[in-house]
Amino acid sequence: MNKKYIVSSLLLLLSISGGVSLGTASVFASSAPTAVAVKSDEVAPSSDFIIKFNDSIVLENNAFTIDYSKLPADTTASELSQLKSIVNENNLVLKNNTSNQSVQAISPQENSTNLTVLARSKYHEGSNYVHVYWWGLRIGVKKSTINSIGAGVAIGGIWLPQPLLSKIVSTAGVVLGAVPGGIVFNSTPGLKSVWGMEWQ
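Reading the values: rules and limits
Residues numbered from 1 in each chain as written. Predicted model: local features only at pLDDT ≥ 70, side-chain atom pairs only at ≥ 80, totals over all residues. Heavy atoms only, no water. Helix = DSSP H or I, 4+ residues; strand = E, 2+ residues; numbered from the N terminus. Buried < 20%, exposed > 50% of the residue type's maximum accessible area, 1.4 Å probe, protein only. Salt bridge = Lys/Arg side-chain N within 4 Å of Asp/Glu carboxyl O. Phe/Tyr/Trp six-rings, centres within 6.5 Å; stacked < 30°, edge-to-face > 60°.

Could you give an account of the environment of Glu89, naming the residues involved and the relevant values?
Its location among the elements puts Glu89 in helix α3 (residues 77–96). A relative accessible area of 26% means that Glu89 is categorised as partly exposed. In sequence terms Glu89 and Trp134 are 45 residues apart; their C-alpha atoms lie 8.8 Å from each other.

This is how it looks when you write it as structure tokens:
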């Protein structure tokens, strides 16, 4: 069966059903075919926001800082407030995981804003990791971890509950226990919003 058909059908089903409850949070498919978001006050930064402010962020001493001299001239007070909040949350993740080798800070110059599913002809086992960018997290989960998951798994000090991982891999038209390769996805700290699932 065609992968696009499977993903499209799954997204249609999710949009009709309104999503699946995950305890106190609800996960639903957004209008973007690769997005899974947890309903909350926090919204993942858009790719336009990331691109606009990427050159204004510096990684120094394992912490992100805002270079105010490089902020775009049209930066609004609301955008600056959001930028500060995002940077502070991701710095907290770095601070709380200084000795965890699965967590790595990625400089803005190495930043990837690719938010689409990449269809690859060959799947890989992948690896478990957390990359911390100024705009959020990029979490990798290897195939064997996903296929043998119980209630969830902790990677880099971040708890990934089984229902959330199930919802993420379902955007690719597969189920837990039968994942053909490792996955990687973007997230805000605390997994309040998740998007951009790809195969490793």
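Go over the pattern of salt bridges with me, naming the residues and quoting the values.
Note that side chains of opposite charge can pair when their charged atoms are close. For the coordinates displayed, the defined rule picks out 3 salt bridges. Salt-bridge contacts for Asp74 lead to Lys52; the nearest nitrogen and oxygen are separated by 3.4 Å. Remark: Lys52 occurs in helix α2 (residues 47–53) and Asp74 occurs in the loop between β5 (63–66) and α3; sequence separation between them is 22 residues. One salt bridge in this structure joins Lys52 and Glu79, with 2.9 Å as the shortest N-O distance. Residue Lys52 is found in helix α2, and its partner Glu79 is found in helix α3; the two are separated by 27 residues along the sequence.

Before we move on, can you summarise the packing of aromatic side chains with the specific residues and values?
Under the counting rule described, the total for this entry stands at 4 aromatic pairs. Aromatic pair Phe49 and Trp134: ring centres 6.4 Å apart, planes at 45 degrees, arrangement tilted. Residue Phe49 is located in helix α2, and its partner Trp134 is located in the loop between β7 (129–133) and β8 (136–141); the two are separated by 85 residues in the primary sequence. Overall, the relative accessible area of 9% leaves Phe49 in the buried class. With a centroid separation of 4.8 Å and 15 degrees between ring planes, the pair formed by Tyr133 and Trp135 is classed as stacked. Judged on exposure class, the residue Tyr133 and its partner Trp135 are both buried. Through a chain of ring-to-ring contacts, three or more aromatic side chains come together here, namely Phe49, Phe53 and Trp134.

Purely spatial values, then, with no claim about function.
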